[in-house]
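Listed below, chain by chain, are the residues.
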Amino acid sequence: YMTRIADLWNRTWSLPAVIPRERARALYVLLTLNIYREGNIKFPIAFDRRSGNDHFDNSVIIAWRQIKKLPLPPPDRMASIIAHGLKLKLNWEGMQ
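A. Representation of helix α1 (residues 2–12). For α1, the set of buried residues is I5, A6 and W9. End-on, the buried residues of α1 take up no more than an arc of 100°, which puts them together on one face. What points out from α1, more than 90 degrees from its buried face, is the exposed set T3 and R11. Summarising the contacts, the buried residues of α1 are in contact with α3 (54–67), β3 (86–91) and β4 (94–95).

B. Just unusual backbone geometry, in detail. The omega angle of the peptide bond from F43 to P44 is 5°, so this bond is cis rather than trans. Along the chain, P44 falls in the loop between β1 (28–33) and β2 (46–49). Residue K68 is not a glycine yet carries a positive backbone phi of 65°. Among the structural elements, K68 can be located in the loop between α3 and α4 (75–84).

C. The arrangement of the packing of aromatic side chains in detail. Applying the stated rule across the entire model yields 3 aromatic pairs. Consider the rings of W13 and F56, whose centres lie 5.5 Å apart with planes at 70°: the pair is edge-to-face. On the criterion of sequence distance, the pair formed by W13 in the loop between α1 and α2 (21–24) and F56 in helix α3 is long-range, its members being 43 residues apart. Owing to a relative accessible area of 9%, W13 belongs among the buried residues under this scheme. Given the relative accessible area of 1%, F56 is considered buried.

D. Focus on the pairing of β1. The pairing of β1 with β3 spans 6 bridges and is classified as antiparallel. Counterpart to L33 in the pairing with β3 is L86. Two strands pair when backbone bridges link them, and β1 and β2 are joined in this way by 3 bridges, in the antiparallel orientation. Bridging from a neighbouring strand, T32 pairs with A46 of β2.

E. Up close: the pattern of salt bridges. Enumeration over the complete set of coordinates arrives at 2 salt bridges. Residues D48 and K87 are paired through a salt bridge, measuring 4.0 Å at the closest nitrogen-oxygen approach. With D48 in strand β2 and K87 in strand β3, this residue pair connects regions lying 39 residues apart in the sequence. For D48, a relative accessible area of 47% gives the class partly exposed. We note a salt bridge from D57 to R50, for which the minimum N-O separation is 3.8 Å.

F. Focus on the nonpolar core. By size, the foremost hydrophobic cluster in this structure holds 30 residues, and its most contacted members are W9, L31, L33, V60, W64 and L70. Contributing elements (two or more residues each) for this core: α1, β1, α3, α4 and β3. Setting aside chain neighbours within four positions, we find W64 in contact with I5, W9, L31, L33, I41, F43, I45, L70, L88, L90 and M95.

The rules behind each value
Residues numbered from 1 in each chain as written. Predicted model: local features only at pLDDT ≥ 70, side-chain atom pairs only at ≥ 80, totals over all residues. Heavy atoms only, no water. Buried < 20%, exposed > 50% of the residue type's maximum accessible area, 1.4 Å probe, protein only. Helix = DSSP H or I, 4+ residues; strand = E, 2+ residues; numbered from the N terminus. Arc of directions from axis to C-beta. Contact = heavy atoms within 4.5 Å. Phe/Tyr/Trp six-rings, centres within 6.5 Å; stacked < 30°, edge-to-face > 60°. Pairing = 2+ DSSP bridges. Salt bridge = Lys/Arg side-chain N within 4 Å of Asp/Glu carboxyl O. Core = buried A, V, L, I, M, F, W, Y, C linked by side-chain atoms within 4.5 Å.

So this is what it looks like as structure tokens:
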């Protein structure tokens, strides 16, 4: 399931051009992505840790808005993901 989400993320998000790669290596966000039962992403996104760079953080929000909907979780994980969301770490290389 997480591989499918990472795939969506990696196809949608790109590092903002205003952030030099050497600076980007130090940037990451931690967030909780909450979804509705049908897979639609709940907004606003709940950041557990922002990167400290507004361009980076805003690019994360914009990418999730473009994605809008995630594949449904496996039945055995549905209740937990709906209740607690998905904890994600996103950096300049993608999702971890």
